[in-house]
Amino acid sequence: MERRIKKVLLLGIMSLVLMVGQVLAQDLASIVKQAEANYAKFENEVKDMTIVQETKVVTPEGEMTSETKMLKKGEKFRMETRIQSPEAPEMPAGMVTIIIYDGKDTWMISPFLGMKKLSAEEEKQYQKESNWWKLVSEKAKIVGTEKVGERECYVVEMEEGAEYPFTRLWLDKKNLYLTKGESKGPKKETIVWILSDF
């Protein structure tokens, strides 16, 4: 009798876990759809925008800081990135790289490469933050919720791969903003970035 109760209880728990997993997977599809609609509305309402992003990268070799300023008017944009790396003496102090999208092509102006038209593949890296939902695998799923600072977030887990560069994303439950991300570096090290003050 006791064995039968344990089996029934175990089957009940497994069924509940499966149901919760299915609900979370369904929720992710609707969350992605709602986030895309939110961002599209934002894009339609805001025609001119300036974004300033400050980044600090800490590695075993030392610390590197950068400041990126993005000016956007309709579909066109200009992005200027200034890098400061006291640990890399061969790099010019305050080196600036400029990316320009003129509505048709994307160009890079760099102290090392001069002016170069970017390929379609190279262009993709400058779209990740605004179109994160395009990088969510069909096999992605919500694995729970977690606080990032003061924001309660959905935690979305994905399988690793070149097509889907993120392994995990944290989406603000209130407005579906991308708040935190996790990916793997070239040596399979974990890279974590957090967005704040937005």
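You'll find the structure just up there.
This report concerns the structure included in the present document. Position numbers for residues count from 1 along each chain, tracking the sequence in the order it is written. Note on the predicted model: pLDDT of at least 70 is required for a residue's local features to be given, and 80 or more for side-chain atom pairs to be given and counted; whole-chain, interface and lining totals, by contrast, use all residues. Excluded from the side-chain calculations are hydrogens and water; all other atoms, namely the structure's heavy atoms, are used.

1. Notes on the overall build of the protein chain
Numbering of helices and strands runs from the N terminus, with a helix taken as a DSSP run of H or I at least four residues long and a strand as a DSSP run of E at least two residues long. Within the protein chain one finds two helices and eleven strands. When the elements of the protein chain are put in sequence order from the N terminus, they spell out α-β-β-β-β-β-β-α-β-β-β-β-β. Looking at the protein chain residue by residue over its 198 residues, the buried ones come to 28%. Only heavy atoms matter for contacts: two residues are in contact if any of them lie within 4.5 Å across the pair. Residue pairs at least 24 apart in sequence account for 24% of intrachain contacts in the protein chain once pairs closer than 6 positions are excluded. Categorising residues by exposure relies on relative accessible area from a 1.4 Å probe, with only protein chains included: less than 20% of the type maximum marks a residue as buried, more than 50% marks it as exposed, and the intermediate range marks it as partly exposed.

2. Points about the pairing of strand β6 (residues 114-117)
Whether two strands pair comes down to DSSP finding at least two bridges between them. Direction of pairing for strand β5 (residues 106-110) relative to β6: antiparallel, over a ladder of four bridges. By the bridge assignment, S110 is partnered in β6 with G114. Here β5 hands over to β6 after three residues, the two strands then running antiparallel side by side.

3. Some details on the nonpolar core
Here, nonpolar core means buried Ala, Val, Leu, Ile, Met, Phe, Trp, Tyr and Cys residues that are tied together by side-chain atoms lying within 4.5 Å of each other. Counting 19 residues, the largest nonpolar core has L28, W132, V136, V156, M158 and L169 as its most contacted members. Of all the secondary structure elements, the ones that give two or more residues to this core are α1 (2-45), β8 (151-157) and β9 (166-172). With five residues, the single largest contributor to this core is α1. Counting residues in each nonpolar core, the second largest holds seven residues, with M70, F77, I99 and M108 among its members.

4. Examining unusual backbone geometry
Of note, L176 is a non-glycine position whose phi angle comes to about 65°, a positive value. Residue placement: L176 occurs in the loop between β9 and β10 (178-184). For L176, a relative accessible area of 7% gives the class buried.

5. Section: the side chain of D105
Relative to the elements of secondary structure, D105 occurs in the loop between β4 (95-101) and β5. On the accessibility criterion, D105 (16% relative accessible area) is buried. Separated by 3.4 Å, the side chains of D105 and K117 make a polar contact. Non-local contacts of D105, meaning those with residues more than four positions away in its chain, are made with I100 and K117. In protein, a polar contact requires one atom able to donate a hydrogen and another able to accept it; more generally it is a pair of N or O atoms within 3.5 Å, and residues adjacent in sequence count only if both atoms are side-chain atoms.

6. Concerning the pattern of salt bridges
Note on definitions: salt bridges are taken to be side-chain nitrogens of Lys or Arg within 4 Å of carboxyl oxygens of Asp or Glu. Here the structure, examined in full by the defined rule, presents seven salt bridges. Linking D48 and K73 is a salt bridge whose minimum nitrogen-to-oxygen distance equals 3.5 Å. Placement of the pair is D48 in strand β1 (residues 48-59) and K73 in strand β2 (residues 62-73), with a sequence separation of 25 residues. Given a relative accessible area of 49%, D48 falls into the partly exposed group. The exposed category is assigned to K73, whose relative accessible area is 57%.

7. Here we look at the environment of G181
Relative to the helices and strands, G181 resides in strand β10. For the pair G181 and I191, spaced ten residues apart in the sequence, the C-alpha separation amounts to 8.2 Å. For G181, the residues in contact, after removing those within four places along its chain, are R168, L169, W170, I191, V192 and W193.

8. Focus on the packing of aromatic side chains
A pair of Phe, Tyr and Trp rings is counted when the ring centres sit within 6.5 Å of each other, with Trp represented by its six-membered ring. The angle between the planes then sorts it: under 30 degrees is stacked, over 60 is edge-to-face, the rest tilted. Enumeration according to the criterion identifies two aromatic pairs in this entry. Between the aromatic rings of F166 and W193, the centroid separation amounts to 5.7 Å while the plane-to-plane angle is 65°, which identifies the pairing as edge-to-face. Taken together, the residues F166 in strand β9 and W193 in strand β11 (residues 190-194) connect sequence positions 27 residues apart. Given a relative accessible area of 22%, W193 falls into the partly exposed group.

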